[in-house]
Amino acid sequence: MAIGNDLKLIEMLRIFMRVSMSRLDLSSVHVFLFCDSAGVPTFADFSGKSLVVKHCLSIPRQYLGAPWAECLMLQTMVAQHLESKSLSSTVALNNKTYHCFSLPAHGVIVFEGIYELDPVIQKSLDPIFKKLSLSCYACIAHESLLKEMAARHLAEKTIAHQAAHDELTQLANRRKLTERLEESLVHCRHYQKYGALLFIDLNQFKSINDVMGHDVGDKILQEVAQRLLSITRSKDTVARFGGDEFVILLPDLGRNREEAELIVCGTAARIHDAVEVTFDLTGVGYNISCSMGYEIFPNLDESYSDIIKNADLAMYEAKAMRQRVALAYHPDMSEKHNTRLAYASDLKAAIKNNEFELYYQPQFNRAHEIIGAEALLRWHNPKYQFESPAVYIPIAEDSDLILDIGDWVLNEACKHLKVLQAQGLLEGFKKLSINVSGKQLTQQDFFARICQALAVTDAPPQNLAIEITENVLVSGINQAMTLMSDLQAIGVECSIDDFGTGYSSLAYLKRFPAHMIKIDRSFVRDIHSDAESRSIARMIIALGNNLDMEILAEGVESREELACLQELGCQQYQGYYFSRPVPFTNLLAMLHQPQVEEVE
Amino acid sequence: MALVIQNNNIYASPPVWLDTEGTDEQLGLALELLVAQGANSVLVFACSNNKHSADRLRSLLGACPVPVFGGIFPGIFFEGKCIDRGSLLIGFPFAVQVDVYDDLSRAKLSIENPAWQDGDKVGCAADLMVFVDAMAKTTEAFINTLYETIGGGSHVIGGGAGSIDFIQRPCLFTRAGLLQDAALVVKLPIPMRCAVDHGWEVLDGPYLVTEAKGTRVKTIDYLPAFQVYRDSIERVTGNQFNKNNFFEISKNFPLGIVGINEDIMVRDPIQRIKNELVCVGCVPANTMIYILQGRRKFIVEAAFLAGEQSGLKLQQLSHKPLGMALAFDCISRSLYLGGDFSDELLALSSGVGEGKTIVGVLSIGEITNTARGTINLLNKSIVVGQL
C-alpha cells in the first residue's frame, strides 16, 4: 500500500487512508495522533513530556450526518487500545468490525469495515504501519521546520520593516528615506533628471500634544501620514523624519527644471490643502497647518545629507515667515543659518565671559511711585552691544542657551533683590520681575532652581515675580499652572505678560493663579487715538478686575496714553514715559529718590 | 404525450408522463400537468436524441414552482420498453433538496474545498440520487469526494448523463435550466434501498496493474497493458485485434478489479492509445485485475438479481413504500445484448415484482453505494433503487 511522499502530514495520511480503504474494502479510516499541549501533532520520545492522543483525520468525515471527530465510541475504542499496549486490537460492533493498529510513537489508526481482516493481512500490515510512523515523523519534523522557517522569515520581515519604517505612522523612516534619496540622486545624475525633497513641519503641533495629550497627537500624526500618502504618487517616498516633521521625496520629475518646479509647487499646494482639513477625532475637531521647504536636486556636488539639510533650512525660513508658502532653498538661507550658528556660539561665550548685565525698567503706580521693576537682559559685546534682545533671545531659544541665560538672570535678579532688601528699599517696591521662556517652563526642576536661587541669595520670595507670556502659557498650560501654584505657595507671584497677543481661553485664565495681567504694548501705543486698542484695553482691565488681578500697562510712552489708561481704570504702568530700562545701580538711585519727575 | 401512470392518490403511486416526441413543448406541458396533479418535485429522464433548446428549457424549467432534477441519457425505459427519443417525467409527492456542484472539470475536488464545507449541502443524513455529466473529466473524483464528505450510511443511486457520441453538452435538468460539466445531488426525504449487479465472469487472470494513472492503464505485469490484454483475449477466445476493431472486441471483455473480499468491480476499456488501455473509471496501480467475459444468461440474470435484492432490502423497512423502482442500466450492456436487451428489462421487471412502477435510463457509468458504505462509479452494471 502506497504511503506517498507528500511532506504535509494531513496530505500524506489522506493518501494512505484512501489507498487503505480501496485495497482493504474499508468503510472508513481514522487517525488519532499524539499531540502536545498546544494540540500540535508530535511524537512520543520517552522524554516524559505530557502528550494527549487527539483525533486527527477521518475519511469519510462523517457518518449519517455526525462527524467522526466527535464520535465517542471511536475515542473510547482508541483509549482502550492504547491502554492495552498491544500493536493491534479488534472490536465488533453494530455489524461493523473496527481494527485499531498502533502507529509506533505516533498514535493509532482505526479501520472500519464490514468484514474482519484476515489475520495474515493484519500481520502483513505491521511493517506498513512502522513505515507510516516514520513518514509521520518526517512530516511532523518537516512541518515543524517549515513553521520555524516561516516564523523566522516573518521575524526577519518584521525587523526589516521596523528598520525601515516609523512605528507610529508606518511611513518610511529616516534611514529608508536616506537610502531612497541616495538612489534617486544617483538616478537623476545619471539620466540628467530632476528630483525634489519637501520638508514639512506641523505648526503648533506641540500645543496639541501638551494640551490634549500624546494620544491625540499620535492620532493626528497617523492621519497626516495617511493624507500625505493619499496625495502623492506611488513612486514618491513619504517619510516621518521625526516628531512632527515629514519629508516627501519626489524622485523622478523629468528633465526640465521649470516643469519640476511646477510639480513641486502643485504637490506643496496639495499638502497644504490636505493638512489643513479639520482632523475630526472622536467628535472634536482640530485644525493645524504646516510649514514647508524644499530643494530641487541634483546641484553640483551636493550630497543627500546636504539636500535634507537645505530643505530643512527652507522649511525653517517658511515657518519664520508665518505664511502659507513652500519655500525653495536658496544659498542665502545657509548663510543666514551660519550667522545664527555663529551668534549662538558668541552667546555661549557671553555667559562664560560674564558679558550680560541686567537692566531694570521701573514700574509705577498712579502716584508715579516706583512699585516694581522688570529685569531686562543687556549684552556687553563690541559686536552686539546695540543688538536688541528681540534678536538674540530667539536665537538663544533655538539653541537651548536660553536655559543657561535664564539661570543666570534668575540668580542675578535674586542677588539684586537681596541688595534692595539690604538697603531697606522694599517698603514701597513690591516686585522685581523676571521673564521666563517656554523652554524653562518645560524643565522638570525649574521650580527647584528658583527655590535654590532664592535660598542661595537669601532673597525674599514675596518680592520676586515671574512673567510668563500669554503664548508660552497657552503652549504649556499644564506645566505653567503647576509651576504657578507651586510658586504661589512660596510667595513668588506670577504675571501674564504680553496679554492680548495670544489666544488663551477665558476658562483657563480663571484657573491661572496669576496676580497680574500686563497689557501688551501693542494695545497701549496711541490708545488715546485708537478706538480698537482702547476697547481691547478696557476689556482686559475689566477682566482683570473681575478675576481679582492687578493690571499693568506696558510701553506707555506719552502723557496722552497715560491719561487714557488712567481714565480706563489702569493703575500701574511701565514705559519710556516713566523710565527707560536702567542699570541696577541707577535703579537703586531712583529708589533712593522719593518721587520721579514727570517726563515732558 | 400520455399520462401512463395515474392513481387517485399521488402518495400511492407517483404519476408518470411519457412523451415520445422529445420536444420542449411536450416536456413543459408535462411539467405543468404534474404540478397541477400535486407533485412537489419532478424527476426528468430525457433521451439524447431529443431536440431540446437550452434557452427554451431554461425558461420552462425556471417557471416550474417545484424542484426539477434529472438528466439526458442515451436511452430511457419504462414498462419493458426502451426508447431513444422522448422523455419520462415522474412527479413525486415530496419536495427534495437539489444541490448543484458545477464547473466540475475545473473545481478543486477536495474535501478541504470550501464548496464542500457547506453544512446545508453535506450536513444531514439522507438517501441520495446522484446525476453527473459523464463527460466531466473528474466524475470519479467527484464521487469519491462526495463519499469523503457525506460519509457512509446513505443509500445512493445515480449515473452518468450524456450521449454516446461522447461530446459534452448540457445534460442535467435543474430549475436553472440544463447544465453541463456539473453534478446534482438530490436528497430524498424518504428511504430508498439499492442493489447492484453486473453478471460478468472471469475469463483470464489475475494480472497485476503495475503502472496506471487515472483511467489509463499503462502496464500490466510490467508489460504494455494493451499487449497483455490483446494476447490474453486472442489466446483464450480466438478473437483477433486489428487497427479498427478494438471497441468491437473490448466491449465484450471488460476488466474486473478484484477487492479483498473477492468482489469484482467492472472497468470498461473503451479506447486504446498506443499501448495503454483507457477505461471508464479509474484503475489504481498495484490492483489485481481479471479479464472478464459476458454470457447473456448471467448478464440478464444480473438485472433480475439487482431488482430482487433492492426489493428485499426495502421490505426490511417498516415504512410504506412508494412502489417505485429506478434503474440505471449501463448503455454498454444494452449494446452487448443488442436485440436481447428486452430480456434484461423483463428480468428486471420480474426481479422487482408486480405492482411497482419501473423507470430507468441507459447510463454512461452507474453510481451506488457498496455494502461497506462507499459510493462507487461502476461500469457495465445495473443499479436498481426502490422507494
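In case you missed it, the structure is sitting above this.
These numbers come from a predicted model, not from an experiment.

Quick look at the overall build of chain B
Looking only at helices and strands, chain B features nine helices and 26 strands. Residues counted as buried form 52% of the 387 residues belonging to chain B. For chain B, contacts bridging at least 24 residues in sequence account for 80% of all contacts bridging at least 6.

Concerning the packing of helix 9 (residues 331–352) of chain A against helix 10 (residues 389–398) of chain A
All names here are of chain A. Helix 10 packs onto helix 9 with a crossing angle of 90° between their chain directions and a minimal axis gap of 10 Å. Between helix 9 and helix 10, the crossing angle belongs to the class labelled roughly perpendicular. Packed against helix 9, whose contacting residues are Arg-340, Tyr-343, Ala-344 and Leu-347, the element helix 10 presents Tyr-392, Ile-395 and Ala-396 at the interface. Residues of the contact of helix 9 with helix 10, tallied by class, amount to six nonpolar, no polar and one charged.

Focus: the environment of B:Phe247
Position of B:Phe247 among the secondary structure elements: in helix 6 (residues 246–250). The exposure class assigned to B:Phe247 is partly exposed, which follows from the 15 C-beta atoms found within 10 Å.

Some details on the pairing of strand 15 (residues 356–365) of chain A
All names here are of chain A. Inspection of the sheet shows strand 15 paired to strand 16 (residues 370–379) by nine bridges, in the antiparallel sense. From the neighbouring strand, Glu-357 faces strand 16, where its bridge partner is Arg-378. Following strand 15, the chain reverses through four residues before pairing antiparallel with strand 16; His-368 in that reversal takes a positive phi of roughly 65°. Where strand 15 meets strand 23 (residues 582–583), two bridges bridge the pair, whose relative direction is antiparallel. Residue pairing across strands places Tyr-360 opposite Val-582, the latter belonging to strand 23. The sheet contact formed by strand 15 and strand 22 (residues 572–573) spans two bridges and is antiparallel. If you follow Phe-364 over to strand 22, its bridge partner there is Tyr-573.

Considerations on helix 2 (residues 54–62) of chain B
Residue and element names in this part refer to chain B. Within helix 2 the residues assigned to the buried category are Leu-57, Leu-60 and Leu-61. Seen along its axis, helix 2 keeps its buried residues to an arc of 90°; they face one direction. Residues Asp-55, Ser-59 and Gly-62 are exposed on helix 2 and point more than 90 degrees away from its buried face. In the core, the buried residues of helix 2 are packed alongside helix 1 (24–36), strand 4 (68–73), strand 11 (172–174) and strand 12 (177–179).

Cut-off values and rules
- Residues numbered from 1 in each chain as written.
- Chains lettered and ligands numbered in written order.
- Predicted model: local features only at pLDDT ≥ 70, side-chain atom pairs only at ≥ 80, totals over all residues.
- Helix = DSSP H or I, 4+ residues; strand = E, 2+ residues; numbered from the N terminus.
- Buried ≥ 20, exposed ≤ 12 C-beta atoms within 10 Å, placed from the backbone.
- Contact = placed C-beta atoms within 7 Å.
- Axes fitted to C-alpha atoms, helices over the stretch in contact; angles between N-to-C directions.
- Parallel < 35°, antiparallel > 145°, perpendicular 65-115°, else oblique.
- Nonpolar A, V, L, I, M, F, W, Y, C, P; charged D, E, K, R; others polar.
- Pairing = 2+ DSSP bridges.
- Arc of directions from axis to C-beta.

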